[in-house]
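Close look at the chain arrangement
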Amino acid sequence: MELVAKALDRVEETGERWFEAELHRMMGELMLRLPRSDPTAAEARFGHAAATARQQGAKLWELRAATRLARFWREQGRRGEAHDLLTPLYSQFTEGFGTRDLQAASAILRETTASFEPKNPIPNTSI
């Protein structure tokens, strides 16, 4: 965490922000791995990472941060929010679906979409 914090300080000192979103995402990941984790702070870091990337027009960094935030929400049972966050972003991609980032986003979308399907669908009674 200390190394990522130093890197974020360097971002502020130099104004070089091209990797800033990824640093915030990484800090969120590390916060969740602490013996006394802070899920609220980690969630805020993931959201900040996605917002920073969006502001910069960095779609890959935004997807990575949003995917992590969606996974966090899914783990909390907030599947609808996770789905709503990822769907519009994922739909902007037209290639690269074999990459790890897009596959991870796709997996979360499949999981969250499945939660919207009715448990007892109405049978088709048309003849």
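Everything that follows concerns the structure shown earlier in this document.
Below or above, wherever it landed, is the structure these notes cover. (Residues numbered from 1 in each chain as written. Predicted model: local features only at pLDDT ≥ 70, side-chain atom pairs only at ≥ 80, totals over all residues. Heavy atoms only, no water.)

**Here we look at the nonpolar core**
Using the following cut-off: Working definition of a nonpolar core: buried Ala, Val, Leu, Ile, Met, Phe, Trp, Tyr and Cys residues. They are joined through side-chain atoms within 4.5 Å. Each residue is assigned to one of three classes by its accessible area relative to the maximum for its type, calculated with a 1.4 Å probe on protein chains only: buried under 20%, partly exposed between the two thresholds, exposed over 50%. Numbering of helices and strands runs from the N terminus; a helix is a DSSP stretch of H or I covering at least four residues, while a strand is a stretch of E covering at least two. Two residues form a contact once any of their heavy atoms are found within 4.5 Å.
Residues Leu63 and Leu86 are the most contacted members of the largest nonpolar core, which totals 23 residues. Elements with a minimum of two residues in this core: α1 (2-14), α2 (20-33), α3 (39-56), α4 (59-75), α5 (79-90) and α6 (100-114). For this core, the element with the highest residue contribution is α4, accounting for six residues. Contact partners of leucine 63, with chain neighbours within four places excluded, come to Leu86, Leu89, Phe93, Asp101, Leu102 and Ala105.

**Description of the environment of phenylalanine 97**
The residue phenylalanine 97 is located in the loop between α5 and α6 in this model. The partly exposed category is assigned to phenylalanine 97, whose relative accessible area is 37%.

**Let's talk about the layout of surface pockets**
Heads up, the condition is: As defined here, a cavity is a set of points on a 1 Å grid over the protein atoms alone where a 1.4 Å probe fits but cannot get out. A pocket is an open set with protein on both sides within 12 Å along at least five of seven lines, and residues line them when an atom is within 4 Å of a point. Grid points are joined across faces, edges and corners, and a volume is the space filled by probe spheres set on the points.
Taken as a whole, the largest pocket encloses approximately 210 Å³ of empty space. As for the largest pocket, its lining consists of Arg25, Glu29, Leu63, Arg64, Thr67, Arg68, Arg71, Arg100, Asp101 and Ala104. Of all elements in the fold, only α2, α4 and α6 reach the threshold of two or more residues within the lining of the largest pocket. Per-element tally for the lining of the largest pocket: the top contributor is α4, with five residues.

**Focus on α5**
Just so we agree on the cut-off: The span one expects for a helix is its residue count, reduced by one, times 1.5 Å. Arc definition: it is the arc formed by the directions from the helix axis to the C-beta atoms.
In a regular helix each residue adds 1.5 Å, so 12 residues correspond to 16 Å; α5 covers 16 Å between its end C-alpha atoms and thus fits that length. Listing the buried residues of α5 in full gives Ala82, His83, Leu86, Leu89 and Tyr90. Down the axis of α5, the buried side of the element spans an arc of 145°, and every buried residue falls inside it. Against α4 and α6 lie the buried residues of α5.

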